[in-house]
Amino acid sequence: MTRPRTRVDAHVKVLDDDVVALAKERGIDALVYAPHFTRITTVRERAARYSDDDLTVVPAREVFTGDWGNRRHLLVLGVTDPIPDYITFEGAMAEFERQDAVVLVPHPSFATISLTRPEIAAHADRLDAVETYNTKLLPHQNARARQISESTGTPGFGSSYAHLPGTVGEAWTEFDGALDDEAAVVDAFRERRPRTVVHRGGAGHQLRGLVEFVHLAYENTWEKADRLFLSGDEPTLPSNVAYEGKFDDVSVYSGGIADYRPK
C-alpha cells in the first residue's frame, strides 16, 4: 500500500477561487499564504475562508527586516500576534522566538533582500529551512540556494513563490504522510521532517518562471511607488497605531510614511 504524501506549495502571494482550483488541479494539498504588507490577522481570516477538506491554506508572514539598503526577508509560519516590517533582524528573531514560530529563508542570497550564505551559517540553529527551489528565480540562483542549504546543513524547501495566479503549484515541498491542518504543516517544518523538493518541468514551466521574474520589474517600480507615495500609511509599518508602540525600540526608521521611502 502506498503511503500518503503531502504536497505543500510553501510560499504564495495570491489567494482566490481560481488559485484554489488550480492548486487542487495540480495536486497541491497545502498552500503557505504570505501576502506582502498584510497583518497576520487579515491573512488568517483569508486563509480560513479558502481552506477546506481538500486544501489547507496556512497563514504566514514574509517579514522585511532591516532598512531599504539592507533588507533581509524571513518567512514565518505559526505566528498569531502581529509583527511589523522594517524592524531589526534581531528584533524580528526575538519576536519569532517568543511566539515559537517556524522561520524559513526565502530566496537566499537573492539581490539585496535575502539572507546571505554567511548569515545563514551564523544563524543555522535558529532557521528551520532554506528555499532551494523558487519558480521566480533563474536556474543558477536556485543552484546557489541548494549549495547554501547543503553547506549550512539547513533543510531545503520549494515553492512557486506565486505573485501571479497561474504560477501556483509550479513547485512544492513534498512530505511523507498526511498533514491535515495548519498545525501539522507547521510541525513538519519545525521538526525538520524529511522532504523532497519538486517542480513541474517543460517549456511551460520555464515560461511561467520567466513571466514571474519579469513581474519583479512591476513590483519594484509602479507598485512600490503607489504603495509608498500614494497609498498612505502601511498596515505593517512599526509606526502604525495597531502596534501600540511595541516595536518602536527595534524600528529601523522613525515616524511616518516619509521616513520609510527609499533614499
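Residues numbered from 1 in each chain as written. Predicted model: local features only at pLDDT ≥ 70, side-chain atom pairs only at ≥ 80, totals over all residues. Heavy atoms only, no water.

## Looking at the packing of aromatic side chains
Next up, step 1: Within this structure, the stated rule accounts for six aromatic pairs.
Next up, step 2: Each ring, one from Phe64 and one from Tyr86, has its centre 6.1 Å from the other, and the planes form 90°; the classification is edge-to-face. Of this pair, Phe64 sits in strand β3 (residues 56–65) while Tyr86 sits in the loop between β4 (72–77) and α3 (89–98), placing them 22 residues apart in sequence.
Next up, step 3: Among the residues examined, Phe64 registers a relative accessible area of 5% and is labelled buried.
Next up, step 4: Centre to centre, the rings of Tyr243 and Phe247 are 6.0 Å apart; their planes meet at 85°, and the pair counts as edge-to-face. (Phe/Tyr/Trp six-rings, centres within 6.5 Å; stacked < 30°, edge-to-face > 60°. Helix = DSSP H or I, 4+ residues; strand = E, 2+ residues; numbered from the N terminus. Buried < 20%, exposed > 50% of the residue type's maximum accessible area, 1.4 Å probe, protein only.)

## A short note on the nonpolar core
Next up, step 1: Core analysis: the largest hydrophobic core is formed by 39 residues, its most contacted members being Leu15, Leu31, Phe96 and Val168.
Next up, step 2: Breaking this core down by element, the ones donating at least two residues are α1 (17–25), β2 (30–33), α2 (40–50), β3, β4, α3 and β5 (102–105).
Next up, step 3: Ignoring anything within four residues of it in the chain, the contact list for Leu31 reads Asp9, Val12, Leu15, Val19, Ala23, Leu55, Thr56, Val57, Val58 and Val168.
Next up, step 4: Judged by nonpolar contacts, the second largest core, of 20 residues, contains Val8, Leu104, Ala184 and Val186. (Core = buried A, V, L, I, M, F, W, Y, C linked by side-chain atoms within 4.5 Å. Contact = heavy atoms within 4.5 Å.)

## Quick notes on the sheet that holds strand β7 (residues 156–159)
Next up, step 1: Within the open sheet, the nine strands sit side by side as β7-β6-β5-β4-β3-β2-β1-β8-β9. Their pairing is mixed. Both outer strands of the open sheet, β7 and β9 (195–199), are each paired with one neighbouring strand and no more. The sheet shows a mean angle of 35° between the axes of neighbouring strands, taken without regard to direction.
Next up, step 2: Inspection of the sheet shows strand β1 (residues 5–12) paired to strand β8 (residues 171–176) by four bridges, in the antiparallel sense. Counted as the bridge partner of Arg7 is Glu174 from β8.
Next up, step 3: Where helix α5 (residues 139–152) meets the sheet, it contacts β6 (129–134) and β7, and its direction lies at approximately 155° from that of β6.
Next up, step 4: Relative to β3, helix α6 (residues 182–190) is tilted by about 50°, and along the sheet it contacts β1, β2, β3, β4, β5, β7, β8 and β9. (Pairing = 2+ DSSP bridges. Axes fitted to C-alpha atoms, helices over the stretch in contact; angles between N-to-C directions.)

## Thoughts on the layout of surface pockets
Next up, step 1: Looking at the second largest pocket, its volume works out to about 240 Å³.
Next up, step 2: In this structure, the second largest pocket is lined by 16 residues; those nearest its centre are Tyr133, Leu137, Pro139, His205 and Gln206.
Next up, step 3: Elements represented by at least two residues in the lining of the second largest pocket include exactly α5 and α7 (202–219).
Next up, step 4: With six residues, α7 is the largest single contributor of residues to the lining of the second largest pocket. (1 Å grid on protein atoms, 1.4 Å probe; cavity = no way out; pocket = protein on both sides within 12 Å on 5 of 7 lines; lining within 4 Å. Points joined across faces, edges and corners; volume = space filled by probe spheres on them.)

## Describing the confidence of the model for the chain
Next up, step 1: Residues of the chain with pLDDT of at least 70 account for 89%, and the chain-wide mean is 91.
Next up, step 2: Here residues 222–231 scores under 50 on pLDDT; set against residues more than four positions off or in separate chains, the count is 17 contacts. (pLDDT = per-residue confidence, 0-100.)

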